[in-house]
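Structural overview for review
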Amino acid sequence: MLRLGAVRRGTFLFLCRHASKEGKPVDSGALVQLEEGYKKLAASDSKSLLKKHLKKDIFDKLKKKTTPSFNSSLLDCIQSGLCNHDSGVGIYAPDAEAYKTFADIFDPIIEDYHKGFKKTDKHPESSFGKGKDFPNLDPNNKYIVSTRVRCGRSVKNFPFNPCLSEYEYAELECMISGALNTMSGAYKGGYLPLCGMEKSVQQKLIDEHFLFKEGDRFLETAGASRFWPAGRGIYFNEARNFLVWVNEEDHIRIISMEKGGDLGKVYDRMLGGLEALGKYLDFSRDERLGFLTFCPTNLGTTIRASVHIKLPNLTANPEELQKLATKYNLQVRGTSGEHSEAKGGVHDISNKRRMGLTELEAVKEMHDGISALIEAENKASKK
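These lines cover the structure that appears in this document, whether it is placed above or below.

What counts, and where the lines are drawn
- The numbering scheme is per chain: residues are counted from 1 as the chain's sequence reads.
- Under the rules for a predicted model, residues below a pLDDT of 70 receive no local features and side-chain atom pairs below 80 are neither given nor counted, while totals for whole chains, interfaces and linings still include all residues.
- Here the side-chain values reflect all heavy atoms present in the structure, with hydrogen atoms and water set aside.
- Each helix is a run of H or I in the DSSP string that is no shorter than four residues. Each strand is a run of E no shorter than two, and both are numbered from the N terminus.
- When we talk radius of gyration, it's over C-alpha atoms, and the globule rule is simply 2.2 Å times the number of residues to the 0.38.
- Buried, partly exposed and exposed residues are distinguished by accessible area as a fraction of the type maximum, computed with a 1.4 Å probe on protein chains only: under 20%, between the cut-offs, and over 50%, respectively.
- A contact between two residues is defined here by any heavy atoms of the two lying within 4.5 Å.
- Computed with a 1.4 Å probe, the accessible areas rest on the Shrake-Rupley method; for each residue, only the protein chains presented here act as cover.
- When charges are counted, Lys and Arg contribute as positive and Asp and Glu as negative, whereas His and the chain ends are disregarded.
- Charge placement uses NZ in Lys and CZ in Arg. For Asp and Glu, CG and CD serve respectively.
- Put simply, a nonpolar core is a bunch of buried Ala, Val, Leu, Ile, Met, Phe, Trp, Tyr and Cys residues held in one set by side-chain atoms that sit within 4.5 Å of each other.
- A helix's residues, less one, multiplied by 1.5 Å, set its expected span.
- When we speak of the arc, we mean the arc of directions from the helix axis to the C-beta atoms.
- Polar contact criterion, stated in full: a pair of N or O atoms within 3.5 Å, where within protein one must be able to donate a hydrogen and the other to accept it, and residues adjacent in sequence count only if both atoms are side-chain atoms.
- Stacked, tilted and edge-to-face pairs are distinguished by plane angle, under 30 degrees for stacked and over 60 for edge-to-face with tilted covering the rest, among Phe, Tyr and Trp rings (Trp via its six-membered ring) whose centres lie within 6.5 Å.

Attention now moves to the overall build of the protein chain. The helix and strand tally for the protein chain stands at 14 helices and 10 strands. The C-alpha radius of gyration computed for the protein chain amounts to 21 Å, which stays within 12% of the reference 21 Å derived for 383 residues, consistent with globular compactness. The buried share of the protein chain, taken over its 383 residues, is 55%. The long-range fraction of contacts in the protein chain, counting pairs at least 24 apart against all pairs at least 6 apart in sequence, stands at 75%. With the model as given, the accessible surface of the protein chain reaches about 17300 Å², and the carbon-plus-sulfur share is 52%. Taking the 57 positively charged and 51 negatively charged side chains of the protein chain as two groups, their mean positions are separated by 2 Å.

This paragraph deals with the nonpolar core. By size, the foremost hydrophobic cluster in this structure holds 52 residues, and its most contacted members are Leu180, Val244, Ile254, Met270, Ile309, Ile370 and Leu373. At the level of secondary structure, the elements contributing two or more residues to this core comprise strand 1 (144-153), helix 8 (166-180), strand 4 (242-246), strand 5 (252-259), helix 11 (263-278), strand 8 (304-310), helix 13 (318-327) and helix 14 (359-381). Residues in contact with Val244, not counting those within four places in the same chain, are Leu180, Gly233, Ile234, Tyr235, Ile252, Arg253, Ile254 and Leu277. Counting residues in hydrophobic clusters, the runner-up holds 41 residues, among them Leu50, Tyr92, Tyr113 and Phe117.

Okay, helix 2 (residues 28-43) next. One turn of an α-helix holds 3.6 residues; hence residues three or four places apart share an orientation. The terminal C-alpha atoms of helix 2, which comprises 16 residues, lie 23 Å apart, in line with the 22 Å expected from a rise of 1.5 Å per residue. Every buried residue belonging to helix 2 is among Ala30, Leu31, Leu34, Gly37, Tyr38 and Leu41, and all of these are buried. In an axial view of helix 2, the angular spread of the buried residues amounts to 135°, which keeps them on one side of the axis. In this structure, helix 2 carries Ser28, Lys39, Lys40 and Ala43 as exposed residues pointing more than 90 degrees from its buried face. Those residues of helix 2 that are buried are in contact with helix 3 (49-53), helix 4 (56-62) and helix 5 (74-83). N-cap assignment for helix 2: the residue whose side-chain oxygen lies 2.8 Å from the backbone N of Gly29 is Asp27.

Within the element layout of this structure, Lys63 appears in the loop between helix 4 and helix 5. Setting aside residues up to four positions removed in sequence, Lys63 forms contacts with Val26, Leu31, Leu34, Glu35 and Leu74.

Turning our attention to the packing of aromatic side chains. Summed over the entire model, instances satisfying the criterion amount to nine aromatic pairs. Ring plane angle 75° and centroid distance 5.3 Å describe the contact between Phe212 and Trp245, whose orientation is recorded as edge-to-face. One end of the pair, Phe212, is in the loop between helix 9 (199-207) and helix 10 (217-221); the other, Trp245, is in strand 4, and 33 residues separate them in sequence. With a relative accessible area of 3%, Phe212 lands in the buried category.

What follows covers the side chain of His308. Here His308 shows up in strand 8. A polar atom in the side chain of His308 sits 3.3 Å from the side chain of Asp348.

Next up, the structure:
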């Protein structure tokens, strides 16, 4: 079957940009901005992984480097962390080459976040397993409000958001929506572009936890919101339990969701959608890092399996909740996405590790961790 965009302008642009093995010199104004930003970060009380690992010798080694094809600089990678000292990580890859050009800062952050994935390690080949590997986490619907599994993908021969032109945003949107519109059966639905979408409709979708929102300061300062809302959109199936985000943080976010704790059913639906799109789109994968994404926290499997869950006793004891989350490699955050607070006692809890393990292992880590939290909540309620 012919893959959409097998011959396209994006490929031509990539080949032209790749003609030089070295990027252009860093602009003097950008160097001044970089130096000033680094001094402020170093003097701050930031707890970000960027501050932890960007020592002066590494900073001096990297500050004048740029990527070969897109001329991305260190500033392009770390400006979000320089502007937002409350970042947890503080670094993004403006293009895929950044992971190699700026490996001296990306590698230690990747190792820290992904719990020991060293620069000599290689991400394993994909092994997805099946939904039947994961029993229902909450068959009595006592704790879990909803379950969601998503993965991210980048399309080959295109850079990440900060390096995309407005034309390339439109080109990517056309390619991806074309692939989405071939979906059938339980996946059949429609694509809604953000351009022209009424604000009331947009807000309703955000409130229902379907749509990403504009104005994330971490992404904006990373350069990921250029030309907004051009090239962005969302795809729904008719049941609204399968959706795809287009050009939000990554080129594609494939999401499966439903009420309750049936992780296996949700996971199978996500896998089916991913397989269907893979027939028409070529995804970027690195031999060492796995599937490539804008944020290094999502590299590897890119899998994030999560639940919205009520744990009143553990919520009342946040130190114990965080202790258990750390033990089982879970991430706890609010229900409105990263950097948000819990509302109504409901937390969004997911697997944290995505690299150095297979997709099956990543989801199992989440399944085992959520099971342990529910067991702890049950014990606390009996005291």
